[in-house]
Amino acid sequence: MTEKAEQTRSEISKRYSDAIQKTSCCAPSCCAGSEAKAPLAKTAGYRPEELAEVGDVAESSFGCGNPLAFSEVREGDVVLDLGSGAGLDLLIASKKAGPSGRVIGIDMTDAMIERARANVAKAGVTNVEVRKGLIEALPVEDASVDWVISNCVINLSPEKERVFAEIARVLKPGGRMLVSDIVVDAIPDWFRENAAMVAACIGGAISESEYLAGLERAGLTDVAVRSRLVYDADQLESLTTESELPEVEALLSCCNAETKTSLIKALAPQVAGKVASISVFARRAADASH
């Protein structure tokens, strides 16, 4: 673990610890006002009945999709959520896995863990456990889970190859992964390096081809993109102007409202069409061993 990677994780943890207090999010699909978050979550693949079952947990979602939308989680499965946040996907997965199944959430941020545990307790579910840990070094046994899911989190990791290797390690032979995440294609370095864009899940993202290749290098098979939403300039404007994440606010703090709008309208077209939310599937081979 490098010093730079540890510093990045520390900054990210603080960022989301602060942000959870505002119930904001990092993706264009849910960066509107809180009154609009649940309806907009439907466009990320969440069905109205799923959101109704979890109550106001959806308002604390920081995701960019629904990693369970195309999954085949069944009764009795063990599901692992990387970067489980406030627990939206944990609660949805808990219903799919049923009383005989088990759902494990991993997060590195104490405030998120506290919020998730409170939401799990409020929901009255008994098959969900939230553990503190890094997605690069999962506190999970080898070959112990049927499904790995994640929602707009792996892009934040400074050591994505380690994350991919950990996914391969914890999956049972034949186990499957389905994650929603942000990928980028040839965005300018100045945009990538800006702290506000890292906060908005863009700066730390890699290309789709790099993402898929990383999973394959980890030994996973059947790697494929199941859905893709490419963001246009309007969605990217919304991501920045309506975000409540501290770094985004700081970036725009020197500007009045008119200047902010003009600035973002000028910047957004430069990366329009180069940022996408994807749903990625992969499988651990049935005869795999570690």
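The shown structure was predicted, so the numbers you read here are calculated from the model rather than taken from an experiment.

Novice: Explain the environment of glutamate 129 to me, using residue names and the numbers behind them.
Specialist: With respect to the element layout, glutamate 129 can be found in strand S3 (residues 128–132). Spatially, the C-alpha atoms of glutamate 129 and alanine 116 are 9.5 Å apart, while their sequence positions differ by 13 residues. Beyond its immediate chain neighbours, meaning those up to four positions away, glutamate 129 contacts Arg102, Val103, Ile104 and Gly105. In this structure the side chain of glutamate 129 is engaged in a polar contact, spanning 2.9 Å, whose partner is the side chain of arginine 131.

Novice: Before we move on, could you go through the packing of aromatic side chains and cite the residues and values that matter?
Specialist: Within the structure shown, the criterion is met by one aromatic pair. Across the ring face of phenylalanine 281, the terminal group of arginine 226 is positioned such that the distance to the ring centre comes to 4.0 Å.

Novice: Mind laying out unusual backbone geometry, listing which residues take part and the relevant values?
Specialist: In this structure, cysteine 152 takes a positive phi of about 60° despite not being glycine. Position of cysteine 152 among the secondary structure elements: in the loop between strand S4 (145–151) and helix H6 (160–170). Unusually for a residue other than glycine, aspartate 222 sits at a positive phi of about 55°. Mapped onto the elements, aspartate 222 comes out in strand S6 (residues 221–230).

Novice: If you had to explain the nonpolar core to someone new, which residues and values would you point to?
Specialist: Ranked by size, the top nonpolar core spans 32 residues in total, and within it Leu80, Val148, Ile167, Met177, Tyr211 and Val280 carry the most contacts. Contributing elements (two or more residues each) for this core: strand S1 (78–82), strand S2 (102–107), S4, H6, strand S5 (171–184), helix H9 (208–217) and strand S7 (275–283). A total of five residues in this core trace back to one element, the largest contributor, which is H6. Discounting chain neighbours no more than four positions away, the residues touching valine 148 are Leu80, Leu82, Ile167, Val170, Leu171, Arg176, Met177, Leu178 and Val179. Grouped together as the second largest cluster of nonpolar side chains are 19 residues, Leu68, Val79, Ala97 and Phe281 included.

Conventions adopted
Residues numbered from 1 in each chain as written. Predicted model: local features only at pLDDT ≥ 70, side-chain atom pairs only at ≥ 80, totals over all residues. Heavy atoms only, no water. Helix = DSSP H or I, 4+ residues; strand = E, 2+ residues; numbered from the N terminus. Contact = heavy atoms within 4.5 Å. Polar contact = N/O pair within 3.5 Å; in protein donor to acceptor, adjacent residues only side chain to side chain. Phe/Tyr/Trp six-rings, centres within 6.5 Å; stacked < 30°, edge-to-face > 60°. Lys NZ or Arg CZ within 6 Å of the ring centre and 35° of its normal. Core = buried A, V, L, I, M, F, W, Y, C linked by side-chain atoms within 4.5 Å. Buried < 20%, exposed > 50% of the residue type's maximum accessible area, 1.4 Å probe, protein only.

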